[in-house]
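Observations on chain architecture
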Amino acid sequence: MANIPFLRVALLGMALGLINGCGKHEAPEGRAAVAGRTVQAEVQTVQKTPLAVPIEVPGTVVSEDQVQVASRLMGYIREIKVAEGQAVKAGQLLFVVDPADVQGQVSQARAGVAQAEAALADARLDYERFGALYKEEAIPKLQWDKVRLQYQVAEQQAAAARAGLALASNQMRYASVTAPISGVVTQKLANAGDLAAPGRPVLVLEGLKKLQVRAQVSGDVYASIKTGDKVTLVRDGDAAQASLEGTIAQLVPAADPVSHTHLVKIDLPANSGLTSGNFVRAGFAVGSHAGIRVPAGAVAERAGITGVFTVDAQGLARYRMVRTGATAQGMTEIVSGLVPGDKVVVSNVAQLENGDKVSGGAHE
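Keep in mind the model is a prediction, meaning the values are calculated, not measured.

Attention now goes to the overall build of the protein chain. Of the regular secondary structure elements, the protein chain holds five helices and 24 strands. Here the protein chain holds 364 residues, and the buried ones make up 32% of them. Once local pairs closer than 6 in sequence are excluded, the contacts in the protein chain between residues at least 24 apart make up 73%. Working note: accessible area of the protein chain is about 21800 Å², and carbon and sulfur atoms make up 55% of it.

Now the structure itself:
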């Protein structure tokens, strides 16, 4: 038992020796080189500026050019040639209506034309024969007038029969319904075997030339915006928060009687990457506050922590954790973590490590 204090002293001495030995090891050459390297990068001194206060509402991307395609005939749908989501070209066959009823009308019209043509031929013979007799004064004028009138009536009846046949024949082409515009089939409202009727849509097409976002806003927001204002648009579910800038094209003054909201139509920029049916978040700037913004490329992530690189008085990069806000037009709001006058690295951020010497241009 007397040896226990001695053992404790010996073990403590060994531990101290190991710690001191470890402390004498020099840092690897590679790590020393990183700590002392110089990185070319631009530095920006941040200041508070007026920032818009957006109010976000959900919106849906729709086509400004939307067509409901219906049959001009009454009949059963024989087949539908397209599916929802399919792109179609103008003039492409969409669906076919069974033309049995129309074919019956055409046959009836042909029979009517044949009958009228036969009656006209008889009336023409009478007209020519009685005309010659009238010139020879062999028949009275009253009888000639009656024959001439019958001929005129026969001509009119034949013309009407031919027009009826042309109309019935033209109806046949309506049995095959084609796309009036180039676009995408967004809705299929009937199936093969359903009864098609004039005015009852079978398909809905949307053109791709001009897309809009449609959103419902409250009365307060409606009173604060106007046509031509810019709107920040972010695709719903976009983890990268990539934003677009739309333009208010139309404000509908009449409010919805149930929700008491107003419809706002927003034009999308060309090549937005959005398609009809996408959901977005529309940010309307209805006020402002003083805040700090930095280029979106200045924000980095290290070990799961969002931050920026600041530059101290010695010109060394120091990683600082920040809390970010909205990103719009390539600029990200810094909610906390920076104060006016801080110098922030805004380029070549991916190459930086804590303690690197920053060399490069600086701008306010």
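Ranked by internal contacts, the top residues of the largest apolar core, which has 19 residues, are Leu233, Val264, Ile266 and Phe284. At the level of elements, strand 3 (49-63), strand 12 (211-217), strand 13 (230-235), strand 14 (243-251), strand 15 (262-267) and strand 16 (279-295) are the ones that each hand at least two residues to this core. Looking at which element gives the most residues to this core, the answer is strand 12, with four residues. Counting 17 residues, the second-largest nonpolar core is a separate cluster that includes Ile80, Val82, Val88 and Ala196.

With that settled, the discussion passes to the sheet that holds strand 8 (residues 176-178). Strand order in the open sheet made by the four strands is 8-7-5-10, with antiparallel pairing throughout. Looking along the sheet, the strands with just one partner apiece sit at the ends: strand 8 and strand 10 (195-196). Here strand 5 (residues 75-80) runs beside strand 7 (residues 93-97); their pairing, made up of three bridges, is antiparallel. Bridge pairing in strand 7 places isoleucine 80 opposite phenylalanine 95.

Now for the environment of alanine 132. The residue alanine 132 is located in helix 3 (residues 100-135) in this model. Taking the relative accessible area as the measure of exposure, alanine 132 reaches 37% and is therefore partly exposed. Expressed as a C-alpha distance, the spacing of alanine 132 and tryptophan 144, which sit twelve residues apart in the sequence, is 9.9 Å.

Another point: the sheet that holds strand 11 (residues 201-206). The four strands lie next to each other as 4-11-9-6, forming an open sheet whose pairing is antiparallel. The sheet is open, and its two borders are formed by strand 4 (66-70) and strand 6 (87-88), each paired with just one other strand. Two elements, strand 9 (residues 183-188) and strand 11, share four bridges in a ladder whose sense is antiparallel. Bridged to valine 184 within strand 11 is glutamate 206.

Below, the discussion takes up unusual backbone geometry. Positive phi values are uncommon outside glycine, yet glutamate 137 reaches one of about 60°. Relative to the helices and strands, glutamate 137 is located in the loop between helix 3 and helix 4 (141-173). For glutamate 137, a relative accessible area of 72% gives the class exposed. One non-glycine residue with positive phi stands out, namely alanine 303, at about 55°. You can see alanine 303 is positioned in the loop between strand 17 (300-302) and strand 18 (305-311). The exposed category is assigned to alanine 303, whose relative accessible area is 83%.

Moving on, we come to the side chain of glutamine 212. Note on placement: glutamine 212 falls in strand 12. Excluding residues that lie within four positions of it along the chain, glutamine 212 makes contacts with Thr60, Val61, Val62, Glu64, Ala249, Lys265, Ile266, Asp267 and Leu268.

This paragraph deals with the pattern of salt bridges. Once the charged atoms of two side chains with opposite charge are near each other, the side chains can pair. This model, assessed by the stated rule, comprises 13 salt bridges. A salt bridge links arginine 162 to glutamate 117, with the shortest nitrogen-to-oxygen separation between them at 2.4 Å. Of the two residues, arginine 162 is situated in helix 4 and glutamate 117 in helix 3; the sequence distance between them amounts to 45 residues. Three or more residues joined by partner-sharing salt bridges are found here, namely Glu64, Lys210 and Asp267.

Below, the discussion takes up a nonpolar patch on the surface. A cluster of nonpolar side chains, namely Met74, Tyr76 and Leu195, defines an oily patch on the protein surface of about 310 Å² accessible area. Among the secondary structure elements, tyrosine 76 is positioned in strand 5. Using a relative accessible area of 53% as the deciding quantity, one classes tyrosine 76 as exposed.

With that settled, the discussion passes to the confidence of the model for the protein chain. Predicted confidence across the protein chain gives a mean pLDDT of 82, with 86% of residues reaching 70 or more. The least confident element of the protein chain, judged by mean pLDDT, is helix 1 (residues 4-23) at 39; the most confident is strand 15 at 94. Every residue in residues 1-34 is under pLDDT 50, and counting partners more than four places away or in other chains gives two contacts.

What follows is about the packing of aromatic side chains. All told, the structure shown has four aromatic pairs when counted by the stated rule. Each ring, one from tyrosine 134 and one from tryptophan 144, has its centre 5.8 Å from the other, and the planes form 15°; the classification is stacked. Of this pair, tyrosine 134 sits in helix 3 while tryptophan 144 sits in helix 4, and the two are ten residues apart along the sequence. When its relative accessible area of 10% is taken as the criterion, tryptophan 144 is described as buried. Taken together, the ring pairs connect Tyr127, Tyr134, Trp144 and Tyr151 into an aromatic cluster.

A word on the pairing of strand 5. In terms of strand pairing, strand 5 meets strand 10 through two bridges, oriented antiparallel. Bridge pairing in strand 10 places tyrosine 76 opposite leucine 195.

For asparagine 278, the location among the structural elements is in the loop between strand 15 and strand 16. Relative accessible area serves as the criterion here: at 12%, asparagine 278 is assigned to the buried category. One polar contact links the side chain of asparagine 278 to the main-chain amide nitrogen of threonine 275, over a distance of 2.7 Å.

Parameters at a glance
Along each chain, residues carry numbers from 1 onward, in the same order as the chain's sequence is written. Only residues with pLDDT of at least 70 get local features here, since the model is predicted, and only at 80 or more are side-chain atom pairs given and counted; chain-wide, interface and lining totals rely on the full set of residues. Working from all heavy atoms in the structure, the side-chain values ignore hydrogens and water. Helix numbers and strand numbers start at the N terminus; a helix is a DSSP run of H or I with at least 4 residues, a strand a run of E with at least 2. The classification of residues rests on relative accessible area computed with a 1.4 Å probe and restricted to protein chains. Under 20% of the type maximum is buried, over 50% is exposed, and intermediate values are partly exposed. In what follows, a contact means two residues having at least one pair of non-hydrogen atoms within 4.5 Å. Accessible surface area values rest on a Shrake-Rupley calculation with a 1.4 Å probe, where residue burial reflects the displayed protein chains alone. Among buried residues, those of type Ala, Val, Leu, Ile, Met, Phe, Trp, Tyr and Cys that are joined through side-chain atoms within 4.5 Å constitute a nonpolar core. A pair of strands counts as paired when DSSP detects no fewer than two bridges linking them. When a carboxyl oxygen of Asp or Glu is within 4 Å of a side-chain nitrogen of Lys or Arg, the pair counts as a salt bridge. For patch detection, residues must exceed 30% relative accessible area and be free of salt bridges, and they are connected within 9 Å for like charges or within 5 Å for nonpolar side chains (Val, Leu, Ile, Met, Phe, Trp, Tyr). The predictor reports its confidence for every residue as pLDDT, a score running from 0 up to 100. Centre distance within 6.5 Å is the pairing criterion for rings of Phe, Tyr and Trp, where only the six-membered ring of Trp is used; planes under 30 degrees apart are then read as stacked, over 60 as edge-to-face, and the remainder as tilted. Nitrogen and oxygen atoms within 3.5 Å of one another constitute a polar contact, given that in protein one can donate a hydrogen and the other can accept it, and given that sequence-neighbouring residues count only through two side-chain atoms.

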